[in-house]
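Topology and contacts: notes
What follows is the residue order along each chain.
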Amino acid sequence: MKINTEKVSFVEPLALESGEVLHGFDLMTETYGELNYAKDNAVLICHAFSGNHHAAGKKDGEKKPGWWDELIGDGKTIDTRNYFVVAVNNIGGCHGSTGPATPNNESNQFSGASFPEVSVSDWVKTQKLLADHFGIDCWEMVAGGSLGGMQALQWAISYPNRVKKAAIIAASSKISTQNIALNEVAREIIKKDQDFHNGDYLSKDVSPKKGLKAARMLGHITYLSESNMSKRFGRRLQDPENKIDADINYEVENYLQYKGEQFANTFDANSYILMTKAMDSFDPAKDFDNDLVKCLQNIQAKLLVISFDSDWLFPKEYGVEIQMSAIKAGIDSSYIELEGDYGHDSFLFYSEQYSVALTNFLNSDG
Amino acid sequence: MDNILQLIVLDWIPSQSKVIDFGCGDGALLKLLSEQKSVTGYGVENDPDKINACIINGVSVIQQDIDAGIHNYKGMGFDVAVMASSIQCLRKPRDAMKNILKVANECVITLPNFGNWELRLGILNGKMPSSAQLPAKWYETKNLHLCTIADFEDLCREESFAIKKNVYLNRKGKSTWLANKLPNLFAAQAVYLIG
């Protein structure tokens, strides 16, 4: 599989949904496989909340491959022998694209907390500019899970003739009150870290890692299902030699501590806040008198909506709602509910049912 | 669905209509309707393999248990609803019929006739009968409410479901004189357009 990691710079100003303007921006991208001569074999992968452009393959020195490596590669679900797969790190993120932790173009200072609010439709706008950059007129498919699924849906709405198929996985057309509430608790935990300094921690050369870690621990619980946690950890006690913290009793505590810590070392707190805000505010129907049916009416892409039975963060009712609105709107759309052991995170992992459905969808006539 | 049934349904459903097919199987009928009559079609199916077949066929499908959800499709602008060989598998066929007629202006129902002579003979022999239309053994059949043509048409009269068109097919899937003269005895399947 040919992998190409590239930072693509855009010099034109970008008007954001919030009304603010970014004076040029960078997009960190990674591509797999090769774009064919007709440039009609391109698939865009949109990442979820904490994801990035590294969706597949293993780079030198890495312990783990990209976040959707189980599904992207030669001979895999999204077969890179046939498709040119593009993954991108969204603006506002912290993996190379312009965000709060990258130096501002003009002042060369970190924008930190002053980085403007970004939205799902802003991301889709930048991804459209990226398609232009690659000379891709129309994506064969745009796919993503969770917040990535929201981008896939937004693509079909914003650019009806530039996407043939949209796979909207473990996502919704807007998140629930409970989800907003959980996000707010996570943000509060971060902001209350003494090293947060109202978001300007980078200029003080510190990082609110304790807050980030705790926020991620909370988030992690919501990504897994109760049964999956029971199966994986049960009530087993942590063996003393591998305890991260002396206070730890159970394996699950150790696991969350470890995951939280790992995350806090690699993620930016302002990005966390921005990303969760973008998730909270996603509601494409708001521009259509709050009528999702009206919002979907102009879609030309074929949709595939997938929910997982063990996902309680984005339960199947959300997928069904998109599908029922699509049927009412009279657009081409299918809905399937898959078994997934991992709760909300099920979208990340291979299962035969999941793979067959996605492959069939991708290979079906547009 | 058999070819002959497909042709009948194809003939009855108006071009460019919006159709929902409850128990759509692999989506073959909807594919045909979309290709030949420019129909906007949606299938409702609960079997993952059949859903995958729909996706391969390029047919829009929603995974759902029909018993749980016919009423959810009210007010979605469907012209015709199709229920092919599924009505007898539902927990409450009468309520399902009522709901279907709220979902669409008309519905196409196909029905295996339990009154067919072959099945009557089976019963006379003291065994649960089987036929080409009803091949499953009693312990693995999905049929909960088998009925005869006479039973079904009684229900339509009682509930004022207007039978607009009907075709009776014999065991070989042909609409013969005999099958139409004495359908309850000689027809193996009936196809109705109800409005």
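The text that follows walks through the structure, step by step, so that each part is easy to find. Residue positions are given per chain, counted from 1 along the sequence in the order it is written. Written order determines the labels here, with chains lettered from A and ligands numbered from 1. Thresholds applied to this predicted model are a pLDDT of at least 70 for local features of residues and 80 or more for the giving and counting of side-chain atom pairs; totals over whole chains, interfaces and linings are not thresholded and use all residues.

Helix and strand counts for chain B stand at 9 helices and 7 strands. For a compact globule the rule gives 2.2 Å times the number of residues to the power 0.38, and the radius of gyration it is set against comes from C-alpha atoms. Against the 2.2 N^0.38 benchmark of 16 Å for 195 residues, chain B shows a C-alpha radius of gyration of 16 Å, consistent with a compact globule. Secondary structure elements follow DSSP: runs of H or I of four or more residues count as helices, runs of E of two or more count as strands, with numbering from the N terminus.

Another aspect to go through is the overall build of chain A. When its secondary structure is counted, chain A shows 10 helices and 10 strands. Its C-alpha radius of gyration of 20 Å places chain A within 12% of the 21 Å reference for a compact globule of 366 residues. Across its three principal directions, the C-alpha atoms of chain A cover 60 × 50 × 45 Å. Burial is judged by counting the other C-beta atoms within 10 Å of a residue's own C-beta: 20 or more makes it buried, 12 or fewer makes it exposed, and any count in between marks it as partly exposed, with every C-beta position built from the backbone. Counting over 366 residues, chain A shows a buried share of 48%. Note on contacts: each residue gets a C-beta atom placed from the backbone, and two residues are in contact if those atoms are within 7 Å. At a minimum sequence separation of 6, the contacts of chain A that also span at least 24 residues come to 70%.

Grouped together as the largest cluster of nonpolar side chains are 159 residues, with contacts concentrated most on A:Ala166, A:Ala167, B:Ala81 and B:Val82. Inspection of this core shows a minimum of three residues originating in each of domain 1 (3–173 + 284–363) and domain 2 (179–276) of chain A. Ignoring sequence-local partners within four residues, the contact set of B:Val82 consists of B:Val9, B:Val19, B:Asp21, B:Phe22, B:Leu29, B:Cys107 and B:Val108. The term nonpolar core means buried Ala, Val, Leu, Ile, Met, Phe, Trp, Tyr and Cys residues held together as one set by C-beta atoms within 7 Å. What counts as a domain boundary in this text is fixed by an automatic or database domain assignment.

A separate point is the interface of chain B and chain A. How big an interface is tends to be expressed through the accessible area that disappears when the partners come together. Every contact between the two is made by 16 residues of chain B and, on the other side, 18 residues of chain A. Only β2 (40–45), α3 (48–56) and β3 (61–63) of chain B provide two or more residues apiece to the side of chain B that touches chain A. Residue classes in the side of chain B that touches chain A are distributed as 9 nonpolar, 6 polar and 1 charged. Residue polarity follows a fixed list, in which Ala, Val, Leu, Ile, Met, Phe, Trp, Tyr, Cys and Pro are nonpolar, Asp, Glu, Lys and Arg are charged, and the others, Gly among them, are polar.

Attention shifts here to unusual backbone geometry. The phi angle at A:Ser146 is positive, at roughly 60 degrees, despite the residue not being glycine. Considering the arrangement of structural elements, one finds A:Ser146 in the loop between β7 (141–145) and α2 (147–158). By the C-beta count within 10 Å, which is 27 here, A:Ser146 ends up buried. Non-glycine residue B:Ser38 carries a positive phi angle of around 50 degrees. Mapped onto the elements, B:Ser38 comes out in the loop between α2 (28–37) and β2.

On to α2(A), then. Residue and element names in this part refer to chain A. Each helix should span, by expectation, one fewer than its residue count multiplied by 1.5 Å. Helix length check: α2 (12 residues) gives 16 Å between terminal C-alpha atoms against 16 Å at 1.5 Å per residue, within 8%. The buried fraction of α2 is high, at 11 of 12 residues. For α2, the complete set of buried residues consists of Leu147, Gly148, Gly149, Met150, Gln151, Ala152, Leu153, Gln154, Trp155, Ala156 and Ile157.

A word on the environment of A:Ser203. Residue and element names in this part refer to chain A. Looking at where Ser203 falls in the secondary structure, it is placed in the loop between α3 (177–191) and α4 (209–223). The exposure class assigned to Ser203 is exposed, which follows from the 10 C-beta atoms found within 10 Å. Taking C-alpha positions, Ser203 is 23 Å from Ala214, a pair spaced 11 residues apart along the chain. Leave out the neighbours within four places in its chain, and Ser203 touches Phe110 and Gly112.

Residue and element names in this part refer to chain B. Most of strand β4 (residues 78–84) sits inside the fold, with 6 of its 7 residues counted as buried. Here strand β1 (residues 18–22) runs beside β4; their pairing, made up of 4 bridges, is parallel. For Val19, the partnering residue across the bridge sits in β4 and is Val80. Inspection of the sheet shows β4 paired to strand β5 (residues 104–112) by 6 bridges, in the parallel sense. By the bridge assignment for β5, Phe78 is matched with Ala104. With helix α5 (residues 93–103) bridging β4 and the parallel β5, this β-α-β connection has right-handed handedness. Two strands form a pair only when DSSP identifies at least two bridges running between them. The handedness rule is simple: strands pointing away from the viewer, and a clockwise path from the first strand over the helix to the second, make the crossover right-handed.

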